[in-house]
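The residues making up each chain are set out below.
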Amino acid sequence: MVSTLKYTFDAFFLPGISESEVKYEEVVYGDKEEVSVRVPIMTPEVLKKVIISVKESRKQNLSKRSVGEIVEVLDQVGSNWEDRNYELRKKALAVLPKITRFSPQMIEVSINGVLEMFKRKDNKSNLTRMLWAELDNDPKCLDEFIPKRGCDYLVRAYGPEFIVNIFSGNVPALPIVSLTRGLLVKSAQLGKVASEEPYFANLFVKSIRDVDEEIANSIALTYWKGGDESVENVAFAEADVVVAYGGVKTIESIKKRIPHKTKLIPYGHKMSFGVIGKEYLIDESTAREVAELAALDTSLYDQQGCLSPQLWYVEKNGNISPEKFAEFLAEEMEKVNQKLPRGKINVGKSSEIQQLRGTYEFKDNVKIFCSQRSTDWTVIYDEKEEFEPSCSYRFVRVKPVDDVSEVRGLVMPIAEYLQTIGVALYEDRLLRFSDEMGRIGATNIRQVGKMGVPGVGIPHDGSYGLRDLITRWVSIER
Amino acid sequence: MSGIDSEFIRKLDEDILEAIEHGYERGVSESEFNDMAIRLFQFQYSANKPLQKYIQRKGINPDNITSWEEIPGVVADVFKDIPLTCFPVERAERKFMTSGTKNPGKRGLHYIDAVGMHFWRRSVYVTAKHYFFPDVDKMKILALSPPPETMPYDMSMAVGIGEWVENFGTENSEYLARVGERGIDVNGRRFVELLKESEKTGEPVAIVSSSFGCVHFLDQCKNIGLKFNLPKGSRSLDGGGYKGKSRELTKEELYSSLKETTGIHEAYCVNLLGLTENATQFFDNTLLNSLEGKSELRYKPNHPWTRTIAVDPETLERLPKGKIGLLRHYDLANRSSVMAVQTDDLGYEVGSGFEIIGRVKGGEPRGCSLDYNEFVIVQK
């Protein structure tokens, strides 16, 4: 085949390793194969060296920094990214749509989303807020012994020496969250990027290097084929903590292979959905507003996120019927698609959506709303209540329920996978409903329209992501 | 819908059967095909209630259709949900089941009544005669599949093979597989014996198997260094694709390796596409072309009573020749269910027909290929 490659980018960051020590391969992306990404062909020997290097760098530099200094560096990194002329931002916006098939607009929205983490509000850094929330104490406990809030002892938290992150490629911003947590607990880190999206993490680490090279050098990013045991075993043997994103199979396989002493923090397959109460269906304008927010939640990350709603349960007996709501949702899906187009999908996915649409056209008690001459979005109003996962890429079902209290029974079959529930409910019902959902497995109840933008310092899959990294809490009583 | 009476149906059936029986010799013009397709669509609309609702939902009035291309394809997955019939389901003569490779719990079912089965059988006969047995009345068929009546369920390809054996097979034809506990076991030892016998006696054979069965066979032969030089006139038919059950070969690789191992010339290696949801099967043109001295690319020509198009996966609109999309079959022999089936097979239009590339990624592997769980050469 004639190569028409225009750009090649490096999707790795290997401090302490010279270019010539590693062999590379190119992975090609884009319809016209216009982008290629260079990834190292990792060997156990090279990986060992990489790990020694990041650990050494941590020992010499990162471990000696105060958490306040690290926050300052990251704040600066974040504000660099805010600058529209920042070179790495421009690169991300140009290259990521080609690699991920997300639309450029979607990439921009997800980058802006992750940057929230580094923003300052009321003169306080969001990172500092996050640290307070995670540690339930002054973050200085990561630097020295300080009084434990509300107790009579001193406490200090020690982060792990070395973290291995196994990233997934469905949402570009995920690696940034993980790497940031690792930096704040002062750990050396290795990140294994995903073949679907190997690039963004690398840009992020380079942007750290732009501000503080010493800190950046405690992170290494590389690629290997998931499950490549010779390489993975080296990484796992050295790791104090393995943070792994991925499906059930990936997580299970890792679980079997990590050493006993190593802690696994799995972020496995999760499912989310939304609930609209009749109090938000009192009139057309309210219902439309909610539909607009629900459309945004559904469209974000082209519905590939673990926090993307698979379907919407809508209460009957409001002034606006669930069916009407589905119609409003469809109108809003179209509007969102104008502003935030769905990315290109492969022919298999298009076909899957066409087959699904086509089967619904034969069903009773359903209504189909969908984008014309494309598979960009589909809203199915279906009176069959049972929970059905979506095929993603903006294919969403609206199902009527008499009362939100029915939802518990309906989602029971997937209870162990529950994560985020987008809600439009008044306070008293919200608390009752959240309690029901929390009991069976949901971990984040979030207002409709914000499903895709988790707030600062909230729990992650039912736990605190940064706090979980802490190897040891040590107390002094006098 | 007016005017669909028994006379309308009688005339329609007669015309379609005429096209099936004599279409190859006398030809069926585009306008004849179009006319029959529209009438069949009108009949199916009136008789097939789920189809009727679907067409109404799409806002299409069958009386206003002027070209067969306006007839929307019914997605193949609907066969997994509901019976799509122009007759009361209890009158079905056959209930063909898809292999359900990925999701055995959800197989497609194609119900066909006695009238429909007549069309089906005639189509199976005529197409095989035209593309696979044009030069012989009968020959020795070695079918690497179990006798159809031993299959635990109706599988269209197995039944089709049964039809071939019955109509084109000499007395000494054999089924070389049986339904075992874990799937279908092929008696490889017997197969090898028969191939050797054919070499010795000079009696050509027709090998009929699934594509992955074929690959397994070739691999096994290679492993033990077996090679044959089958007599002239021998041929091979493979169908059903790979379904992830063997390594995947391109047609060129498969047929050159078949030639190498069996001596069967590439042109006599014919690939078959059969869909449970259709009545008509599609054959490579190579054997016929070779007999007629025609040089043409390998592809699957339309039959006089079928049209296959490739549609854009996003818009479902017909693509120009050569452009890859999702295959949609218009099959007038699919008289008793639906004539237009939208598959998720990838392919493109070429010559006066089409070629299939395979199943789209992200979809589940399927096809009507025999459900071989394994192809074992039993070396007892």
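**Q** Just checking my understanding: could you explain the overall build of chain A for this structure?
**A** Summing up its helical and strand segments, chain A has 15 helices and 20 strands in all. Relative to the globule expectation of 23 Å for 478 residues, the C-alpha radius of gyration of chain A, 23 Å, shows essentially globular dimensions. Across its three principal axes, chain A shows a C-alpha extent of roughly 70 × 65 × 45 Å. Counting across all 478 residues of chain A, residues that qualify as buried make up 57%. Relative to all contacts within chain A whose residues are 6 or more apart in sequence, the contacts with residues 24 or more apart total 71%. About 20000 Å² of surface is accessible on chain A, with carbon and sulfur atoms providing 49% of the total. Charge-centre separation for chain A: the mean point of 65 positive side chains lies 3 Å from the mean point of 71 negative side chains.

**Q** What exactly am I supposed to notice about the overall build of chain B here?
**A** A tally of helices and strands in chain B yields 10 helices and 16 strands. For 380 residues, the compact-globule formula gives about 21 Å, and the C-alpha radius of gyration of chain B, at 20 Å, lands near that figure. By the burial criterion, 59% of the 380 residues in chain B qualify as buried. Residue pairs at least 24 apart in sequence account for 71% of intrachain contacts in chain B once pairs closer than 6 positions are excluded. Of the accessible surface of chain B, which amounts to about 15100 Å², a share of 49% is contributed by carbon and sulfur atoms. Put simply, chain B has 48 plus and 55 minus side-chain charges, and the middle of one group is 4 Å from the middle of the other.

**Q** Quick question: what am I supposed to make of the sheet that holds strand S6 (residues 146-147) of chain A here?
**A** Two strands in a sheet stick together by hydrogen bonds in their backbones, pointing the same way (parallel) or opposite ways (antiparallel). Residues and elements named next belong to chain A. Sheet architecture is open: three strands sit in the order S6-S7-S20, paired in antiparallel fashion. Edge positions in the open sheet fall to S6 and strand S20 (472-476), since each of these has one partner strand only. As defined by bridge partners, S6 adjoins strand S7 (residues 154-158) across two bridges and the pair is classed as antiparallel. Bridging across to S7, Ile146 finds its partner in Val155.

**Q** Quick question: what am I supposed to make of unusual backbone geometry here?
**A** Of all residues except glycine, most have a negative phi; of all peptide bonds, most are trans. All names here are of chain A. Here the phi dihedral of Arg101 falls at roughly 70°; this positive angle occurs in a residue that is not glycine. You will see that Asp302, though not glycine, has its phi angle at about 50°, which is positive. Checked against the element boundaries, Asp302 lands in the loop between helix H11 (284-299) and strand S14 (309-315). Classification of Asp302 as buried rests on a relative accessible area of 2%.

**Q** Which parts of the structure should I look at to understand the pairing of strand S10 (residues 219-222) of chain A?
**A** Walk down a regular strand and you will see the side chains alternate between the two sheet faces. All names here are of chain A. Of the two faces of S10, the one carrying Ile219 and Leu221 and the one carrying Ala220 and Thr222 are both buried. Of the pairings in the sheet, the one linking strand S9 (residues 188-192) to S10 comprises four bridges and is parallel in character. Note that in S10 the partner of Lys192 across the bridge is Thr222.

Thresholds applied
- Residues numbered from 1 in each chain as written.
- Chains lettered and ligands numbered in written order.
- Predicted model: local features only at pLDDT ≥ 70, side-chain atom pairs only at ≥ 80, totals over all residues.
- Heavy atoms only, no water.
- Helix = DSSP H or I, 4+ residues; strand = E, 2+ residues; numbered from the N terminus.
- Rg over C-alpha atoms; globule rule 2.2 N^0.38 Å.
- Buried < 20%, exposed > 50% of the residue type's maximum accessible area, 1.4 Å probe, protein only.
- Contact = heavy atoms within 4.5 Å.
- Areas by Shrake-Rupley, 256 points an atom, 1.4 Å probe, with all protein chains shown as cover.
- Lys, Arg positive; Asp, Glu negative; His and termini not counted.
- Charge placed at Lys NZ, Arg CZ, Asp CG, Glu CD.
- Pairing = 2+ DSSP bridges.

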